[in-house]
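# Notes for the structure review
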Amino acid sequence: MERFYRLSIPIIACVVMTGCDSTTSQEQAGGHRDAGSPVNQEAVAALIQKTMDNMVFVEGGSFQMGDFGPLMPNSGGRTYTADSDNKPVHEVTLDSFSISAVQVSYADYDIYTEAMELPRINTEGIEVEYRASDVPAGVDWYQARDYCEWLGEQTGLPFSLPTEAQWEYAARSRGQFLPFATTDGYINRGTNYPSRAEILASTPSPLIGPQSIKLIPPNPLGLYQMGLNGFEWVSDWYDENYYSVSPTKNPTGPIMGTQRVQRGADFGEGNSSNLLINRRKKNPDLSYNDPRGLSSHSAYRVNTVRCAINKQTY
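Every value quoted in this text rests on a predicted model; they were computed, and no experiment measured them.

## Remarks on unusual backbone geometry
The omega torsion of the bond from K87 to P88 falls at 0°, within 30 degrees of zero and hence cis. Looking at the secondary structure, you find P88 in the loop between β2 (61–65) and β3 (90–94). Positive phi is not limited to glycine here, since N122 has a value of about 55°. Counting through the fold element by element, N122 comes out in the loop between α3 (106–115) and α4 (141–155). The phi dihedral of S173 is positive, around 50°, even though this residue is not glycine.

## Considerations on the packing of aromatic side chains
A full pass over the atoms with the stated rule returns 10 aromatic pairs. Seen in terms of ring centroids, F68 and F177 are 5.1 Å apart; in terms of plane orientation they differ by 40°. Their pairing is tilted. Linking F68 in the loop between β2 and β3 with F177 in the loop between α5 (164–171) and α6 (196–200), this pair joins segments that are 109 residues apart in sequence. A connected cluster of aromatic rings, assembled from ring pairs, spans Y109, Y112, Y147 and W150. The ring of W141 is capped by R260, whose NZ or CZ atom sits 3.8 Å from the centre of that ring.

## Describing the sheet that holds strand β4 (residues 97–100)
Pairing in this open sheet of four strands is antiparallel, and the strands run β1-β4-β10-β5 from one edge to the other. The outermost strands of the open sheet, each flanked by one partner alone, are β1 (55–58) and β5 (159–160). Along the sheet, α5 makes contact with β1, β4 and β10 (308–309), crossing β4 at roughly 75°.

## Structural notes on the nonpolar core
Y109, V139, Y147, W150, L151, F159 and V305 are the most contacted members of the largest nonpolar core, which has 31 residues in total. Listing elements by their share of this core, those giving two or more residues are α2 (38–54), α3 and α4. Broken down by element, the residue count for this core peaks at six residues, all from α4. Ranked by size, the runner-up nonpolar core spans 28 residues in total, among them F63, A181, I213 and M226.

## Considerations on the state of the cysteines
Counting across every chain of the model gives one disulfide. A sulfur-sulfur separation of 2.0 Å characterises the disulfide bridge that pairs C148 with C307. Between C148 and C307, the S-S dihedral sits near -85°, and the bridge is therefore left-handed. Of this pair, C148 sits in helix α4 while C307 sits in the loop between β9 (303–304) and β10, and the two are 159 residues apart along the sequence. Each of the two residues, C148 as well as C307, counts as buried.

Scoring rules and cut-offs
Residues numbered from 1 in each chain as written. Predicted model: local features only at pLDDT ≥ 70, side-chain atom pairs only at ≥ 80, totals over all residues. Heavy atoms only, no water. Helix = DSSP H or I, 4+ residues; strand = E, 2+ residues; numbered from the N terminus. Phe/Tyr/Trp six-rings, centres within 6.5 Å; stacked < 30°, edge-to-face > 60°. Lys NZ or Arg CZ within 6 Å of the ring centre and 35° of its normal. Pairing = 2+ DSSP bridges. Contact = heavy atoms within 4.5 Å. Axes fitted to C-alpha atoms, helices over the stretch in contact; angles between N-to-C directions. Core = buried A, V, L, I, M, F, W, Y, C linked by side-chain atoms within 4.5 Å. Buried < 20%, exposed > 50% of the residue type's maximum accessible area, 1.4 Å probe, protein only. Disulfide = S-S within 2.5 Å.

So, to be careful, I would describe these as geometric facts and stop short of saying anything about function.
Right, dumping it as structure tokens:
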């Protein structure tokens, strides 16, 4: 697992220096400190260091993207799923990139919202029951994108959401034929996947929800809980038939659409929902039409993010 340290020290020095002329810290409404205060700048600098330390280099290459069931020995041509949107399996070639080993936590996102003088997220209603410093922050697509782009502004590096192809390639440890992003590609509860008790202990809620980050071992590439800890946003628009027209080199999805792609699964779904080939979709603002009229948005807590850097060398 290759990580990057060389740029982190100068980046942090730059971040801290931006707050050198700040006056004493002032508490903002809702308990937020002044974004320009030295205390906040130290928190931002620490977050940048942590983020850079967690970035894993992914060497580019080619792989078979999509439902690779028919390519497996003794499969008899059978697919893993009956879904049509992860077919046909097709070759994709990617340039090298880096991706975070971990999802963005509430502790991370709180530093960002404080620095941007934004209100903290998910502090009311049932969402607060799933809020803990070391579990993935529940965000819509716009919040996910904005966080990654903010990291880019702080570091001068091309941070962004990963593309759908980058996400699957990394989750499958550079495109190996691995069904799940565990130590060995399979789910073994209590060994490479947490028990129900461990998941319940991760948040204040008495119900199944997000797991603590790094609760289980990473995949062979060194990435934690990809597809195993809620949905993760990627940059692509969703099109059910995109795999039929996808370019081979560095695909980025359709040029337009109404919904964004997610990878992963809801909490409490069966193992088949965690297959790395599965594609999901949601409105980017999480809005939806509830036929019962009980809600106008999907639950934030199940929608998470990890960021990528689209640069081959450092």
